[in-house]
Amino acid sequence: MKLCKICFQPIDTGVTLKQYFIGDDCICGNCRSQFIENHRTYELEHCIIHAFYIYNEFLENLLFQYKEGRDVALADVFLFRKRRKLHDMIRHRLVVLMPSNEHKIKERGFDHLEGMLGDGFQEICHVLEKSESYKQSEQDFKNKKRIFDVMRIKKGVELPNKDFVLFDDVVTSGSTIQSAARLLAKKGEKLHAYVLCVHPRFVELCDENRL
Ligand SMILES: [Zn+2]
């Protein structure tokens, strides 16, 4: 019997009628119900953010288990239902992953964003880096603005003459993705950014500012 990749219960546990009709899944109905869909886009100064889900405690724990617990078996759980759509949307464009600290990647032994995207995304490039050691989760909302100063194009890297799209797992303040878009967008153009999820606080801020 096929088991849920998250809770190891039988895959048909808690499956709703809607989920049943959507078809094949790698997680059970109960776990699937914890993925809260996001149905809107967020237009910022330099980019338009397309998010698949709303960040919640379930995703927080799952991302922690995957990234910090190095549970690579979870890699394809996050975008399982979205991969084909994502693939269609970003075809013929170069996917730029938001940079993690180099030492963090070495410590983990894998790039969590590449793992999430999985096979079939050949056109991935790592052209950005953070110029100093910087741990976002320790910063408050205000201090996150600082990331504008530390994101840069990698030394010695020449930008390919292609259209870019950005990819990240969580948008919290939006400053990481904004600073990346500012570096990579052509003049007068907004980049499209695809993210696994947006923080509810970010949604609130966008509502307040009518973004
Ligand atoms: Zn489950």
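Residues numbered from 1 in each chain as written. Predicted model: local features only at pLDDT ≥ 70, side-chain atom pairs only at ≥ 80, totals over all residues. Heavy atoms only, no water.

1. Brief notes about the overall build of the protein chain
Here's step 1: In terms of regular secondary structure, the protein chain is built from nine helices and eight strands.
Here's step 2: Computed over its C-alpha atoms, the radius of gyration of the protein chain comes to 17 Å, within 12% of the 17 Å expected for a compact globule of 211 residues.
Here's step 3: Here the protein chain holds 211 residues, and the buried ones make up 45% of them.
Here's step 4: Considering only intrachain contacts with a sequence separation of at least 6, the fraction spanning at least 24 residues in the protein chain is 69%.
Here's step 5: Carbon and sulfur atoms make up 49% of the accessible area of the protein chain, which amounts to about 11,800 Å² in all. (Helix = DSSP H or I, 4+ residues; strand = E, 2+ residues; numbered from the N terminus. Rg over C-alpha atoms; globule rule 2.2 N^0.38 Å. Buried < 20%, exposed > 50% of the residue type's maximum accessible area, 1.4 Å probe, protein only. Contact = heavy atoms within 4.5 Å. Areas by Shrake-Rupley, 256 points an atom, 1.4 Å probe, with all protein chains shown as cover.)

2. Examining the environment of Ile27
Here's step 1: Structurally, Ile27 is set in the loop between helix H1 (17-22) and helix H2 (29-32).
Here's step 2: We classify Ile27 as buried; its relative accessible area is 1%.
Here's step 3: Sequence separation between Ile27 and Tyr42 is 15 residues, and the spatial gap between their C-alpha atoms is 28 Å.
Here's step 4: Beyond its immediate stretch of four places on either side in the chain, Ile27 contacts Cys4, Lys5, Ile6, Ile11, Arg32, Phe35 and Val77.

3. Focus: helix H9 (residues 200-208)
Helical geometry: 3.6 residues make up each α-helical turn, so side chains three or four residues apart lie on a common side.
Here's step 1: Those residues of H9 lying buried are Phe202, Val203 and Cys206. Seen end-on, H9 carries its buried residues on one side only, within an arc spanning 100°.
Here's step 2: Elements in contact with the buried residues of H9: strand S1 (41-43), strand S2 (47-54), strand S7 (164-171) and strand S8 (191-198).
Here's step 3: Remark: Arg210 follows H9 within two positions and exhibits a positive phi of approximately 50°. (Arc of directions from axis to C-beta.)

4. Brief notes about the sheet that holds S1
Here's step 1: Read from one edge of the open sheet, six strands run S1-S2-S8-S7-S3-S4, paired in mixed fashion. One side of each edge strand has no neighbouring strand; the edge strands of this open sheet are S1 and strand S4 (124-125).
Here's step 2: In this structure, strand S3 (residues 94-97) lies alongside S7, joined through four bridges in parallel fashion. In the strand pairing of S7, Leu94 is matched with Phe164.
Here's step 3: Along the sheet, helix H4 (residues 83-90) makes contact with S2, S3, S7 and S8, crossing S8 at roughly 165°.
Here's step 4: Packed on one face of the sheet, helix H8 (residues 175-184) meets S2, S3, S7 and S8 and runs near 170° to S7. (Pairing = 2+ DSSP bridges. Axes fitted to C-alpha atoms, helices over the stretch in contact; angles between N-to-C directions.)

5. Here's the deal with the pairing of S8
Here's step 1: The element S8 is extensively covered by neighbouring structure, given that seven of its eight residues are classed as buried.
Here's step 2: Relative to S8, S2 runs parallel, the two sharing seven bridges. By the bridge assignment for S8, Tyr53 is matched with Cys197.
Here's step 3: Sheet topology note: the S7/S8 ladder contains six bridges and is parallel. Bridge pairing links Asp168 to Val195 in S8.
Here's step 4: The handedness of the S7 to S8 crossover, carried by H8, is right-handed. (Right-handed = clockwise from strand over helix to strand, strands pointing away.)

6. So, the domain arrangement of the protein chain
Here's step 1: Domain boundaries assigned for the protein chain yield domain 1 (1-33) and domain 2 (37-208).
Here's step 2: Taken together, the contact pairs 11 residues of domain 1 with nine residues of domain 2.
Here's step 3: Area buried by domain 1 at its contact with domain 2 is led by Lys5, Ile6 and Arg32, which between them contribute 53% of it.
Here's step 4: Remark: the boundary between domain 1 and domain 2 carries two salt bridges.
Here's step 5: For the interface between domain 1 and domain 2, the tally reads five residue pairs in polar contact (both at pLDDT 80 or more).
Here's step 6: The residue makeup of the side of domain 1 that touches domain 2, split by class, is five nonpolar, two polar and four charged. (Domains from an automatic or database assignment. Buried area = accessible area lost by both parts, 1.4 Å probe. Salt bridge = Lys/Arg side-chain N within 4 Å of Asp/Glu carboxyl O. Polar contact = N/O pair within 3.5 Å; in protein donor to acceptor, adjacent residues only side chain to side chain. Nonpolar A, V, L, I, M, F, W, Y, C, P; charged D, E, K, R; others polar.)

7. Comments concerning the nonpolar core
Here's step 1: Of all hydrophobic cores here, the largest spans 63 residues; its most connected members are Ile6, Ile49, Leu166, Phe167 and Val198.
Here's step 2: Sorting elements by how many residues they give to this core places S8 first, with seven residues.
Here's step 3: Here this core spans two domains, since at least three of its residues come from each of domain 1 (1-33) and domain 2 (37-208).
Here's step 4: Those residues within four positions of Ile49 in sequence are excluded, and the remaining contacts are Arg40, Thr41, Tyr42, Leu44, Val171, Ile177, Ala193, Val195, Val198 and Phe202. (Core = buried A, V, L, I, M, F, W, Y, C linked by side-chain atoms within 4.5 Å.)

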